[in-house]
Amino acid sequence: RLAPANEKPISSARSRMRRGRRQITPRKVGLVVPAIPEGSDAGEDSASLLGVAQHLSAAGHLVTVLVAPASGQLPDHDALEAQRKDYFEKYLLDVDTVSLSRALPDGYGDARKRSAHLCFDLRDREFDIVYLPLEGGIGYYTILAKETGVFPKAPELVLVAQQPLLWKLGARKQFMS
């Protein structure tokens, strides 16, 4: 079908790619890390996830890095504000901490509390996609809530396995004994 003279033809993705500019629709991306690395203290897990965040931000997505620290490891307010400013100026990344939910009963262990706090926090945010580290079980309750339908308007979840061979060996060890 030929387009009328006053109507512009619709360009296809292939023609946009030929011109070297692939247009994307910016997505709201959440990326969960256990801690923000500082200088040479950068933990391998957090550092690699922050690399993914930088790549997504450079591609035009709106990226928020959610820090889900273990209890007692939350940086002080001034240090957190300095990190927020630094990461936004350098990489266009928003940095935020997972808010603590008052709806949790006592008796949860640290890993379970962190996972539950993250689930409650993500319910109140509007992300299109969330990247979760597999290690540490931070995303357990979020995944469970999405799978059971408890999570309204659940974002797409991506599990990032940092050390799949160690995870596989640990799983085998657990089932072998």
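It should be noted that the structure appears before, not after, this text.
This is a predicted model, so every value here is computed, not measured.

(A) Structural detail: the overall build of the chain. The number of helices and strands found in the chain is six helices and five strands. Counting from the amino terminus, helix and strand elements in the chain follow one another as α-β-α-β-α-β-α-β-α-β-α. Counting across all 177 residues of the chain, residues that qualify as buried make up 32%. Contacts in the chain between residues at least 24 apart in sequence constitute 69% of all its contacts with a sequence separation of at least 6. As displayed, the chain offers around 12200 Å² of accessible surface, 54% of which is attributable to carbon and sulfur atoms.

(B) Quick peek at the environment of Asp96. With respect to the element layout, Asp96 can be found in strand β3 (residues 94–97). When the C-alpha positions of Asp96 and Val32 are compared, they lie 9.7 Å apart, and in sequence the two are 64 residues distant. In this structure, Asp96 is in contact with Thr64, Val65, Leu66, Val67, Arg84 and Arg125, ignoring residues within four places of it in sequence. A distance of 2.9 Å separates polar atoms of two side chains, one belonging to Asp96 and the other to Arg125.

(C) Molecular detail of the nonpolar core. If you look at the biggest cluster of nonpolar residues, it comprises 17 residues, and the most contacted ones within it are Val65 and Tyr131. Only β1 (28–33), α2 (44–58), β2 (62–67) and β4 (129–133) provide two or more residues apiece to this core. Among the elements that line this core, the one with the most residues is α2, at four residues. What Tyr131 contacts, discounting residues up to four positions off in sequence, is Val29, Gly30, Leu31, Val32, Leu56, Val158 and Val160. Ranked by size, the runner-up nonpolar core spans 15 residues in total, among them Cys119, Leu122, Phe127 and Leu132.

(D) Broad picture of the packing of aromatic side chains. If you walk through the whole model with that rule in mind, you get two aromatic pairs. Measuring from ring centre to ring centre gives 5.4 Å for Tyr87 and Tyr91, while their planes differ by 55 degrees; the resulting arrangement is tilted. Of this pair, Tyr87 and Tyr91 are both found in helix α3 (residues 77–91), four residues apart, which corresponds to roughly one turn of the helix. Pairing Tyr140 with Tyr141 gives two aromatic rings, centres 5.1 Å apart and planes at 70 degrees, and the pair type is edge-to-face.

(E) Structural view of the sheet that holds β1. Spatial strand order, β3-β2-β1-β4-β5: five strands in an open sheet with parallel pairing. Taken across any chain shown, the strands that pair with only one partner, and hence form the sheet edges, are β3 and β5 (156–160). If you compare each strand with its neighbour and ignore which way they point, the axes differ by 25 degrees on average. Of the strand pairs in this sheet, β1 and β4 are connected by three bridges, and their pairing is parallel. In the strand pairing of β4, Leu31 is matched with Tyr131. Across the sheet, helix α4 (residues 110–123) lies against β1, β2 and β4, angled at about 150 degrees from β2, the strand it touches most.

(F) Structural view of the pattern of salt bridges. With the rule as written, the count across this model stands at six salt bridges. Residues Arg84 and Asp96 are paired through a salt bridge, measuring 3.2 Å at the closest nitrogen-oxygen approach. Of this pair, Arg84 sits in helix α3 while Asp96 is found in strand β3, placing the two residues twelve residues apart along the sequence. Asp96 gets classed as partly exposed once you look at its relative accessible area, which sits at 25%. Across the salt bridge formed by Asp96 and Arg125, the nearest N and O atoms sit 2.9 Å from each other. Remark: Arg125 occurs in the loop between α4 and β4 and Asp96 occurs in strand β3; sequence separation between them is 29 residues.

Basis of the calculations
Residues numbered from 1 in each chain as written. Predicted model: local features only at pLDDT ≥ 70, side-chain atom pairs only at ≥ 80, totals over all residues. Heavy atoms only, no water. Helix = DSSP H or I, 4+ residues; strand = E, 2+ residues; numbered from the N terminus. Buried < 20%, exposed > 50% of the residue type's maximum accessible area, 1.4 Å probe, protein only. Contact = heavy atoms within 4.5 Å. Areas by Shrake-Rupley, 256 points an atom, 1.4 Å probe, with all protein chains shown as cover. Polar contact = N/O pair within 3.5 Å; in protein donor to acceptor, adjacent residues only side chain to side chain. Core = buried A, V, L, I, M, F, W, Y, C linked by side-chain atoms within 4.5 Å. Phe/Tyr/Trp six-rings, centres within 6.5 Å; stacked < 30°, edge-to-face > 60°. Pairing = 2+ DSSP bridges. Axes fitted to C-alpha atoms, helices over the stretch in contact; angles between N-to-C directions. Salt bridge = Lys/Arg side-chain N within 4 Å of Asp/Glu carboxyl O.

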